[in-house]
Amino acid sequence: MINEISVGIPWDSLEPGPVGEYVEVVDYDPASGCFYQPVDLNDPHLLAQDGLPPSESNPQFHQQMVYAVAMITIRRFERALGRVAFWSDRTRSESGDYIEQFVRRLRIYPHALRDRNAYYSPSKKALLFGYFPVTAADGYNTPGTIVFTCLSHDIIAHEVTHALLDGVHPRFNEPTNPD
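Counting of residues starts from 1 at the beginning of each chain's written sequence and follows it residue by residue. Predicted model: local features are reported for residues with pLDDT of at least 70 only, side-chain atom pairs are reported and counted for 80 or more only, and whole-chain, interface and lining totals are derived from all residues. No hydrogens and no water enter the side-chain calculation; it runs on all heavy atoms of the structure.

Q: Would you mind showing me how to read the nonpolar core here?
A: Among soluble globular proteins, nonpolar side chains are generally buried collectively. As used in this record, nonpolar core signifies buried Ala, Val, Leu, Ile, Met, Phe, Trp, Tyr and Cys residues forming a set joined through side-chain atoms within 4.5 Å. Three exposure classes are used, based on accessible area relative to the maximum for each residue type with a 1.4 Å probe and protein chains only: buried under 20%, partly exposed in between, and exposed over 50%. One finds Val23, Ile74, Trp87, Ile108, Leu127 and Phe129 to be the most contacted residues of the largest nonpolar core, which totals 33 residues. Numbering of helices and strands runs from the N terminus; a helix is a DSSP stretch of H or I covering at least four residues, while a strand is a stretch of E covering at least two. The set of elements that each furnish at least two residues to this core consists of strand S1 (23-25), helix H2 (59-81), strand S6 (106-114), strand S7 (118-121), strand S8 (126-133) and helix H3 (153-168). At eight residues, H2 tops the list of elements feeding residues into this core. Once you skip the residues sitting within four places of it in the chain, leucine 127 turns out to touch Leu106, Arg107, Ile108, Tyr109, Tyr119, Tyr120, Glu159, Val160 and Ala163. A contact between two residues is defined here by any heavy atoms of the two lying within 4.5 Å.

Given below as structure tokens:
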């Protein structure tokens, strides 16, 4: 049996992607060289059914998943901080001077790499999620299936936390011990 939950997130004027106040989902798969059709979470049919049903094979569900979990994580941080969250500025060098540029939205790439990994890129101000085929029986997944890191609630929340901590102070992402 599949476990499903519906989560409430604050209302936001969304564009297809989804693109909102804090994040923008850009679903480009460089390994395949294709863009996936962006989900429109303001579509009346999706609103009437509380979004898309869970599906490992639907890239639009992947977009919905990363957006929803990212927004839940951001809201929890804001409640704890007692203020709105900001992403760290993008720093670039121009004629020997460092120019800081405000970053309005964190970019999320649900299908960024074919790899057993997901990470926050401080230079891109983006979350990059990987996917990979299961090659051997591991007790949880069937060989021949694909595992998408963008469908793991804990991986999404973990990577959003890296981006949020980078916004609080960029040096919080530096390792301080071997762990």
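Q: Just checking my understanding: could you explain the layout of surface pockets for this structure?
A: Empty space among the atoms can be located by rolling a probe the size of a water molecule over them. Here a cavity is any set of points on a 1 Å grid over the protein atoms alone where a 1.4 Å probe fits but cannot get out, and a pocket is any open set with protein on both sides within 12 Å along at least 5 of 7 lines; a residue lines the site when it has an atom within 4 Å of a point. Grid points are joined across faces, edges and corners, and a volume is the space filled by probe spheres set on the points. When its volume is computed, the largest pocket comes out at roughly 1100 Å³. As for the largest pocket, its lining consists of 39 residues, of which Ile5, Leu52, Phe61, Gln64 and Met65 are closest to the centre. Residue assignment for the lining of the largest pocket shows that the elements contributing at least two residues are helix H1 (44-48), H2 and strand S9 (146-148). Element by element, the count of residues in the lining of the largest pocket is highest for H2, at seven residues. Here the nonpolar group is Ala, Val, Leu, Ile, Met, Phe, Trp, Tyr, Cys and Pro; Asp, Glu, Lys and Arg are the charged ones; every other residue, Gly included, is treated as polar. Split by residue class, the lining of the largest pocket holds 24 nonpolar, 11 polar and four charged.

Q: I keep staring at the pairing of strand S4 (residues 90-94) and nothing clicks. Help me out?
A: It is a general feature of regular strands that their side chains alternate between the two faces of the sheet. Two elements, S4 and strand S5 (residues 97-101), share five bridges in a ladder whose sense is antiparallel. Residue pairing for S5: arginine 92 is matched across the bridge by isoleucine 99. Hairpin connection between S4 and S5: a loop of two residues separates the two successive antiparallel strands, and serine 95 in this loop has a positive phi of roughly 55 degrees. Two strands pair under a simple rule: DSSP has to find at least two bridges between them.

Q: Could you clarify how one ought to interpret empty space enclosed by the protein in this entry?
A: Scanning the entire structure with this criterion turns up one cavity of 30 Å³ or more. Taken as a whole, the largest cavity encloses approximately 50 Å³ of empty space. Residue lining of the largest cavity: Phe77, Leu81, Arg83, Ala85, Phe86, Leu164, Gly167 and Val168, and that is the complete set. When residues of the lining of the largest cavity are assigned to their parent elements, the largest contribution, three residues, is made by H3.

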